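# Fold and geometry: a report
Chain by chain, the residues:
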Amino acid sequence: MAENIAHYGAPMTAAPQIKRYSGVMDWLTTVDHKKIGLLYFWFVVTMGLIGGAFAGAIRIHLATPGAVWEAVNHAHLTGTAVPYNWFSENRHLYNEFVTMHATIMIFFTIIPGFIAFMNYIVPLLIGARDMAFPKMNAFGFWLLIPAALLMFSSFFVNGGAAASGWTAYPPLSLQGMHSMPGQDMWIFGVHLAGVSSILAAINFIVTITNLRAPGMTWTKLPIFVWATMFVSIIQLLATPVLAAAVTMLLMDRNFGTSFTVPEKGGDPILYQHVFWTYSHPAVYIMILPGFGAISHIIAAFSHKRVFGYASMVFAIGAITVLGFMVWAHHMFVVGMPTLLQTYFMYASLLIGVPTGIKVFNWLATMWGGTIRFTVAMKFACGFLCLFVIGGFGGLILAMVPTDISLNNSYFVVGHFHMVLVGGSVMLLFAQAYYWWPKMTGHYLSEGLGNWVFWLMFIGVFVAFFAMHISGYEGMPRRVPVYYADFKFSNMLTTFGYFLTIIAAALFYIDLFVSYSRPKITVDDPWQVNDVQHSFEWATSCPPPVYNFEHVPPIPVVDQMAHHGTNA
Amino acid sequence: MVRTFFILLALIVGTRSAMAVDIPADASPQAYAEKFNPDIFALNDDGSPKFPMIHAFGADAASDIAHDVSQNNTFNLLVFLPFLIAPQVLLLIVIFKFRDRGDGRKPATFMTNHKLETIWTLVPCLALIVVAVPVVRVLYNMELSPQSVDTNDTSQATVIKVTGHQFWWEYEYKGETAIDFGHDIVANQEPCMLVLGRPAVFTFTSGDVTHAWWVPAFAIKKSAIRGRGTNAWFTPTRLGVYKGSCAELCGEGHGIMFISAMIVTPSDYELWKTMARHRADTDEVWGLLQPLDGSDPAPDDKLHAAVDKYFATDQSPGRRFALRYWIATNYQALHRCPSYPGRKDELDAHEAERKAKIESLVAALKTSGPPVARQ
């Protein structure tokens, strides 16, 4: 590392790397963090569309209480031919779609979605030339491809894809149609995605610890870098636990062990505990990087500096620590001791405090600014609105007596979609609109972006608020048919879905169109550094292979030192 | 023709000779079949559900803990609501007040404000303390096993072991070993029968994968896990029919693993128990009348023999009523639209089909004279 740092300050006269390939081979063999970031990005938007298509199949099916089944049952009763339909021909397929929608959105869209921006932006933000382990970085990305291929190809093996939900609770995932190879392929896919995740986490931790530019002390780190650091710690500590959980499944399924098999003395609840020990921290993996990024975006477009830097960083840290201590709030109905339930309730409620601090700090950052409502800023504001609603649902769910009624209902589905789509995905959009000029040297369309934002914002609100209503009234999750009572709210959800998928399609098209727009010639198209001192805007758009010719000549303000001075 | 007689025996409204005290004089098997085996998917003429889903947080929820939970939830909502509204209001203010209008206004430069930060750290903490106390009382009340009732005394408590199966629920009532409801849910929505004001004490377990028993009106949801027993209890507070569902993904039939639960008066419960005790014995007669494989009903002499066998040991009015009740119930379940919420026109079609069948049987009886009394 010492050699690397020694380079800084010495002006470069020539590109330090020899380009061995061009075109496709360049992208296949690249170890440049920027290109890998873009590979992640394109992988993620593609996966997002596929996952969205799965959601579409589910939503169209759920638009009416049981339209498809009516036809099928009528046919059985009257002895006429069964009309062809995916889910009626094969009810199992519905569960496969539910499982794959969740798996793709979590493991292949949102988690790598943030890694895409972390990969591209974090080395720039700390003034580094690349990640600490460039080849490992590339390896981490390329692991996702076989992982995704395993998931998709499992639809074509005997018995179909995994259908026991993304939670894969045993004994369901051990028996019957779930004992087919699809579930094993799902396990291996999750393993590969997990390894990719761990490699990325190690890389970020080492990079941030060692490759900061001279003078970039911990107290001067941009908040996005802090968020990356904390998220990487979560990934490093939690992902092996997921690997342990699915390995238990794998062993029970194939090698006759009995971790989770009740007949042989195992315990299905053991799996649930181990699984949620990963999967609760995982929800913070899916939101904390966005928490970091939105601080940059809001400050940039408000012409201000981030309000309360220290409390922002400590809040992320607090969420990281608390995130590991609340997993069993997913399991309030499995029959835990009441004292434990009380503990997990209090701990879960406590997470609301640092999250609230962050929300108020973002608002205070905007307060008194001169706000430019670019599309990125609109997405940031849309995030604030929707995330607060989603978080409110979280407070309601944390209360055990209420949760016992709402657990595993559509209220939960509405809650986590409100924070994952209204939160994480809105943040991914905001980051894309904010950093796309830096990443490619082209603007995304502000005009089309307005459509993307409003369709997305209204669609997400309608779809997922309606889900809250369904669940509150008593609709369970993961069902292909439902009581006629929930007709209206489900229709609304399907309507909202169509708004969001139109927005996503417009965005996808605009990504391609953006490359035909004129190249950006300035380093700092959003004029961020008029007020802030952010390294990524101190180099060209897109940055050269070596990022910086020399250490950016911007004094890095010690954010911590500013804490405690009231203007 | 004997076959026809027995079907009519079950279906025709009318009084028979001497009934025991536990069966009302004007009891009609068909009416009771509809009463004790309600079609939870039935729709009214306007398309609204005949038995609306009653959620845990409404005033018409049907258990004592549902009222507690509902009250507690309202309280929590009131405490939390400011934290939903304040950020949204502030966001609107910020959006409209501080947008860049190009008038040369300089942005503020403050980066911190200790007073404000302390306020928005401590105030949420205070709110959490406010909600943290009352919720514990509700929680412990829900979760601790009942102290005030003797669960060994079936007149004090309805003790039910609920076993989840793919994809139906099995209810075993303590002290009622003869009640056996092992039936495919599509064929028969066997309700969980509870008594008004009598604590219902549940133990949940599973015969295969993990399920979860959830009736929103009772504010009860518990996982049914193989190899484990989970417990819940509440006191039913309102007569009626309550719908529920399985709330844990349990395979391809998870979506049709519905629950119907009924809260009835003690006298109705006794009547239903009387009939339920004979349930298993009636199955043989029913199986001959309506073979599961869809083939033609068995010849009359076989039916004869089955009915003789049914009445061989016990010819009490209760047992006679039970045969008619279960045949009526099975007919109803058979001709009811299977367990999914259907479109109105299809439900009507099935209803019409069922009525036509009954009417043709009645017509057949009239041409062949009165049934021979079998005692």
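All values reported here derive from a predicted model rather than from experimental measurement. (Residues numbered from 1 in each chain as written. Chains lettered and ligands numbered in written order. Predicted model: local features only at pLDDT ≥ 70, side-chain atom pairs only at ≥ 80, totals over all residues. Heavy atoms only, no water.)

## Structural notes on a nonpolar patch on the surface
Taken together, the side chains of A:W367, B:L81, B:I85, B:V89 and B:I93 make up a nonpolar region of the molecular surface, amounting to roughly 370 Å² of accessible area. Along the polypeptide, B:I93 turns up in helix 3 (residues 64-97). Among the residues examined, B:I93 registers a relative accessible area of 33% and is labelled partly exposed. (Patch = residues over 30% accessible without salt bridge, like charges linked within 9 Å, V, L, I, M, F, W, Y side chains within 5 Å. Areas by Shrake-Rupley, 256 points an atom, 1.4 Å probe, with all protein chains shown as cover. Salt bridge = Lys/Arg side-chain N within 4 Å of Asp/Glu carboxyl O. Helix = DSSP H or I, 4+ residues; strand = E, 2+ residues; numbered from the N terminus. Buried < 20%, exposed > 50% of the residue type's maximum accessible area, 1.4 Å probe, protein only.)

## Section: the interface of chain B and chain A
At the interface, 94 residues of chain B touch 102 residues of chain A. Summing the contributions of chain B and of chain A, the shared interface buries around 8500 Å²; its carbon and sulfur component is 68%. Between chain B and chain A we count three salt bridges in total. Notably, a salt bridge pairs B:K243 with A:D485, separated by 2.7 Å at the nearest N-O pair. Its residues assigned to classes, the side of chain B that touches chain A comprises 55 nonpolar, 23 polar and 16 charged. (Contact = heavy atoms within 4.5 Å. Buried area = accessible area lost by both parts, 1.4 Å probe. Nonpolar A, V, L, I, M, F, W, Y, C, P; charged D, E, K, R; others polar.)

## So, the packing of aromatic side chains
Any two aromatic rings considered together are summarised by their centre-to-centre distance and by the angle between their planes. Under the counting rule described, the total for this entry stands at 71 aromatic pairs over all chains. Geometrically, the ring pair formed by A:W166 and A:W276 is edge-to-face, given 6.1 Å between the ring centres and 90 degrees between the ring planes. Taken as a pair, A:W166 in the loop between helix 7 (134-153) and helix 8 (181-210) and A:W276 in helix 10 (residues 268-285) lie far apart in primary sequence, 110 residues in all. No difference in accessibility class separates A:W166 from A:W276, as the two residues are buried. Positioned above the aromatic ring of B:F110, the side-chain terminus of A:K304 is 3.6 Å from the ring centre. Directly above the ring of B:W214 sits B:K221, whose terminal nitrogen or CZ lies 3.9 Å from the centroid. (Phe/Tyr/Trp six-rings, centres within 6.5 Å; stacked < 30°, edge-to-face > 60°. Lys NZ or Arg CZ within 6 Å of the ring centre and 35° of its normal.)

## A short note on the pairing of strand 7 (residues 230-234) of chain B
On any regular strand, side chains alternate: one points to one face of the sheet, the next to the other face. All names here are of chain B. Among the five residues in strand 7, four count as buried, and that is most of the element. When strand 4 (residues 200-206) meets strand 7, the two strands line up antiparallel, connected through five bridges. If you follow A200 over to strand 7, its bridge partner there is F234. (Pairing = 2+ DSSP bridges.)

## A few points about the sheet that holds strand 3 (residues 192-195) of chain B
All names here are of chain B. In spatial order, the strands read 3-9-8-5-6; together these five strands make up an open sheet with mixed pairing. Sheet topology places strand 3 and strand 6 (220-224) at the edges, where each strand pairs with a single neighbour. Here the average twist between neighbouring strands, direction ignored, is 25 degrees. As judged from the six bridges shared by strand 8 (residues 240-246) and strand 9 (residues 258-264), these two strands associate in the antiparallel manner. (Axes fitted to C-alpha atoms, helices over the stretch in contact; angles between N-to-C directions.)

## A closer look at the nonpolar core
Within the largest apolar cluster, 291 residues are counted, with the highest numbers of intra-cluster contacts made by A:F108, B:W213 and B:F218. With 22 residues, helix 6 (residues 91-125) of chain A is the single largest residue contributor to this core. Excluding residues within four positions of it along the chain, B:F218 makes contact with B:A62, B:S63, B:I65, B:A66, B:L194, B:W213, B:F234, B:Y242, B:A261 and B:I263. (Core = buried A, V, L, I, M, F, W, Y, C linked by side-chain atoms within 4.5 Å.)

## Observations regarding helix 7 (residues 300-312) of chain B
All names here are of chain B. Compared with the 18 Å implied by 1.5 Å per residue over 13 residues, the 18 Å span of helix 7 between its first and last C-alpha is a close match. Where helix 7 is concerned, the buried positions are L303, A306, V307, Y310 and F311. With its buried residues spanning 125 degrees around the axis, helix 7 presents them on a single face. Those residues of helix 7 that are exposed and angled more than 90 degrees off the buried face are D301, K309 and A312. (Expected span 1.5 Å × (residues − 1). Arc of directions from axis to C-beta.)

## Some thoughts on the packing of helix 11 (residues 288-302) of chain A against helix 16 (residues 410-440) of chain A
Residue and element names in this part refer to chain A. At their nearest, the axes of helix 11 and helix 16 sit 10 Å apart, and the two run at 50 degrees to each other. Put simply, helix 11 runs oblique to helix 16. Considering how the two elements wind past one another, helix 11 and helix 16 form a crossing that is left-handed. Facing G290, F291, A293, I294, H296, I297, A300 and F301 of helix 11, the residues of helix 16 in contact are L427, A430, Q431, Y434 and W435. Each residue belonging to the contact of helix 11 with helix 16 can be placed in one class, and the counts come to 10 nonpolar, three polar and no charged. (Parallel < 35°, antiparallel > 145°, perpendicular 65-115°, else oblique. Left-handed = near helix turned anticlockwise from the far one by under 90°.)

## Topic: the domain arrangement of chain B
All names here are of chain B. Taken domain by domain, chain B comprises domain 1 (65-98 + 112-143), domain 2 (158-264) and domain 3 (280-363). With seven residues of domain 1 in contact, the opposing surface of domain 2 contributes eight residues. Between domain 1 and domain 2, a total of about 510 Å² is buried, with carbon and sulfur atoms accounting for 52% of that surface. Linking domain 1 with domain 2 are one salt bridge. K222 is the salt-bridge partner of E143, the closest N and O atoms lying 3.4 Å from each other. At the boundary of domain 1 and domain 2, one finds one residue pair in polar contact (both at pLDDT 80 or more). Of all the secondary-structure elements, those providing two or more residues to the side of domain 1 that touches domain 2 are helix 3 and helix 4 (114-143). Of the residues assigned to the side of domain 1 that touches domain 2, the class counts are four nonpolar, two polar and one charged. (Domains from an automatic or database assignment. Polar contact = N/O pair within 3.5 Å; in protein donor to acceptor, adjacent residues only side chain to side chain.)

## Some remarks on the sheet that holds strand 1 (residues 158-165) of chain B
Note on sheets: strands pair through backbone hydrogen bonds, and any given pair is parallel or antiparallel. All names here are of chain B. One open sheet holds the four strands; their spatial order is 2-1-4-7, and the pairing between them is mixed. Both edges of this open sheet fall to strand 2 (168-173) and strand 7, since each of them pairs with a single strand only. Across the sheet, the mean angle from the axis of one strand to that of its neighbour is 25 degrees, orientation sign disregarded.

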